[in-house]
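Examination of the molecular architecture
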Amino acid sequence: MAREDTIQAGGIVTRLRPKQPIHSKLIRFITKKPLGAIGGFLIGLIVFSAIFAEVVAPYGPYEQHLVDSLAPPSSKYILGADNFGRDLLSRIIHGSRISLYVGIGSVVLGSISGAVMGLMAGYFGGKFDSLMLRAMDIMMAFPSLVLALAIVATLGPSATNAMLAIAVTLIPREVRVIRAAALGIKQNEYIMASIALGASTARTLFRHMLPNAMAVWIVMATAELGNAILVESSLSFLGLGTPPPTPSWGGMLAGDSRRYLETAPWLSIYPGLAITGAVFGFNLFGDALRDVLDPRLRGR
Amino acid sequence: MTQYLIRRLLYIIPILLGASIIIFALIRIAPGDIAVLIMEGGGAGTASQEQIEKLRSELGLNKPIHQQYFDWIGHIIRLDMGRSLWTNRPIIEEIKNKYPITMQMAVIAVLLSLIIAIPVGVLSAIYQDTWIDYVFRIFTVTGLAVPNFWMGILIILALVAWFQYTPPLGFAPFWVDPWKNFQQMVWPSVALGYRLSAIVSRMTRSQMLEVLRQDYIRTARAKGLKERVIVYRHALKNALLPVVTITGVQLGALLGGTVVTETVFNIPGMGRQLIEAINFRDYPMVEAIVLISALTFALLNLLVDVMYVWLDPRVKYT
């Protein structure tokens, strides 16, 4: 089995490794993988802003100060104001909610559905597997953004529809990777043992195959997170994601900011910086996570 | 080789058929009656029942759904994609001129990216862990995180603010005015290709690092060959194979990226047309463009696969 921290002999349970306090684990992660720690810090910053937006942001996201329209960055408006006099920093802080909601939501949805389908395809094989492969090939015939656009066009522009659309585009790749992993796991004897002992299909799938695919799944999911945020921002930029006036980083780079590009460049710089920072953080963290989990991947 | 080609080409057909079913279903199964959505698009006011009925019969919505599908497919195969609901002109007329523009931008983007990325990757590998490597790695790592439309906006901002230069308005196709066309196409291609060049240079770098540690490279050095010959004649070719693969994988993202880049730089290509069609609820146009992009993507993938087989004689497709 995966992680055995204890052994049992003659009714006595002994710890194989001394129990490590959580802060020393954290310190080890930071020192061994400094880039991952930076990524984790960036992610933490964004999650914090998203949760505590009302407290952290100096102004409300819809609060207009028309007299200060297009104000440059100053002590009053740290990153400047837009043409409605709304504080850019506050809108960026609130915008993190949308990016996280759509980004994390789409990856969770897409990777879980894709993983379940991939596990089943790898496990059952046969006609079901062939059908699944063909279906995924068909879905992969579309460039992802085009497919997402078509889905949002059908359902209407909203944050939730953007999340669904992005989740759908993630599924084919996920199915392929998890299916490949499942094929490998299936070869192991404990799977055969599980079936021989009369475990139900569901039990074998979820109790035995799934935990061993976890490492692959986590690595894929973290890699997709940054990309999902990028796609969300593209959708919002094109007007097919979160509709205004709800602040979303992509949406803030569209329309008005472009009209005032020369006179108020901060409107076009800072939201983009936020997107880049978020994706950067997720990428760094994901890379570090992959390095940590990789030896275990190989070990399987 | 030709057998493989033919088999792959034939395989595309059922895939595209499946794709067409998905596109067809997506639009028709949209929540709400599509005729009502079109007539009342954007709250333009309610339409009378007879207007809606007229549009329904025009669009053939009264027929059973599989009948609609076969009608549609029959038309598509004859290159009749219907009329745009917005301009009422045949869709094929609208798209005919825009498709080459988008393709031109995509091709320039890929060429630019590869021309920059491969040398960057090679140099990064040769001078591993020096400042050259670090500078290049910063370049690549940001390339993975920067949204391409923001890159486009920053490029325009830099051009305007630092060089007081705006790309000329009024799009000029290549054969009308090559210099004007170049000025208009180069910047979107840079924005579009930046991410691809980051990915390719990372892959090139890691592949080169692996290849340079191989025994046959050691032999070449022991033979006394010049380092430059070793790198370019022996190491590079072997390192480039996964690069071809990864470029193929990224082509989809590139095609999708044309949509955003065209919007930022106001290029009259298929991508921008798609966005306009979506905003105007011009569903036949949306269907047509999505179908064409799937076809293009499938053909491009085929091209990449063929190139891969051609480049690596060890790969045998039986």
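Quick caveat: nothing in here was measured; it's all calculated off a predicted structure. (Residues numbered from 1 in each chain as written. Chains lettered and ligands numbered in written order. Predicted model: local features only at pLDDT ≥ 70, side-chain atom pairs only at ≥ 80, totals over all residues.)

Attention shifts here to helix α4 (residues 65-77) of chain B. Residue and element names in this part refer to chain B. With 13 residues, α4 should reach 18 Å at 1.5 Å per residue; the first-to-last C-alpha distance of 19 Å fits that figure. Where burial is concerned, little of α4 is hidden: 1 out of the 13 residues are buried. Phi turns positive, to about 60°, at Leu79, one or two residues after α4. (Helix = DSSP H or I, 4+ residues; strand = E, 2+ residues; numbered from the N terminus. Expected span 1.5 Å × (residues − 1). Buried ≥ 20, exposed ≤ 12 C-beta atoms within 10 Å, placed from the backbone.)

The next thing to look at is the packing of helix α6 (residues 131-145) of chain B against helix α8 (residues 178-212) of chain B. All names here are of chain B. Running from N to C, α6 and α8 cross one another at 130°; their axes reach a closest spacing of 8 Å. Considered as vectors, α6 and α8 are oriented oblique to each other. Between α6 and α8 lies a crossing whose hand is left-handed. Each of Phe136, Thr140, Gly143 and Leu144 in α6 lies in contact with α8, whose residues at this interface are Tyr194, Arg195, Ser197, Ala198, Ile199, Ser201 and Arg202. (Axes fitted to C-alpha atoms, helices over the stretch in contact; angles between N-to-C directions. Parallel < 35°, antiparallel > 145°, perpendicular 65-115°, else oblique. Left-handed = near helix turned anticlockwise from the far one by under 90°. Contact = placed C-beta atoms within 7 Å.)

All names here are of chain A. As for its placement among the helices and strands, Leu289 is situated in helix α12 (residues 266-299). The class of Leu289 is buried, set by 21 C-beta atoms lying within 10 Å. Spatially, the C-alpha atom of Leu289 lies 9.7 Å from that of Ala215, the residues being 74 residues apart in sequence. If near-sequence neighbours (up to four positions away) are discounted, Leu289 is found in contact with Gly36, Ile218, Val219 and Thr222.

Bringing helix α4 (residues 88-124) of chain A into the picture now. All names here are of chain A. Taking 1.5 Å per residue, 37 residues should reach 54 Å; α4 reaches 53 Å between its end C-alpha atoms and fits that length. Burial of α4 is extensive: 26 of the 37 residues sit out of reach of the surface. Looking at the residues trailing α4, positive phi occurs at Gly125, about 65°.

All names here are of chain B. Between helix α10 (residues 227-265) and helix α12 (residues 283-311), the shortest axis-to-axis distance is 10 Å and the interhelical angle comes to 175°. By the angle between their directions, the pair α10 and α12 is classed as roughly antiparallel. The segment α10 lies against α12, with Leu241, Val244, Thr245, Thr247, Gly248, Leu251, Gly252 and Leu255 engaging Ser293, Thr296, Phe297, Leu300, Asn301, Val304, Met307, Tyr308 and Leu311. The residue makeup of the contact of α10 with α12, split by class, is 10 nonpolar, 7 polar and no charged. (Nonpolar A, V, L, I, M, F, W, Y, C, P; charged D, E, K, R; others polar.)

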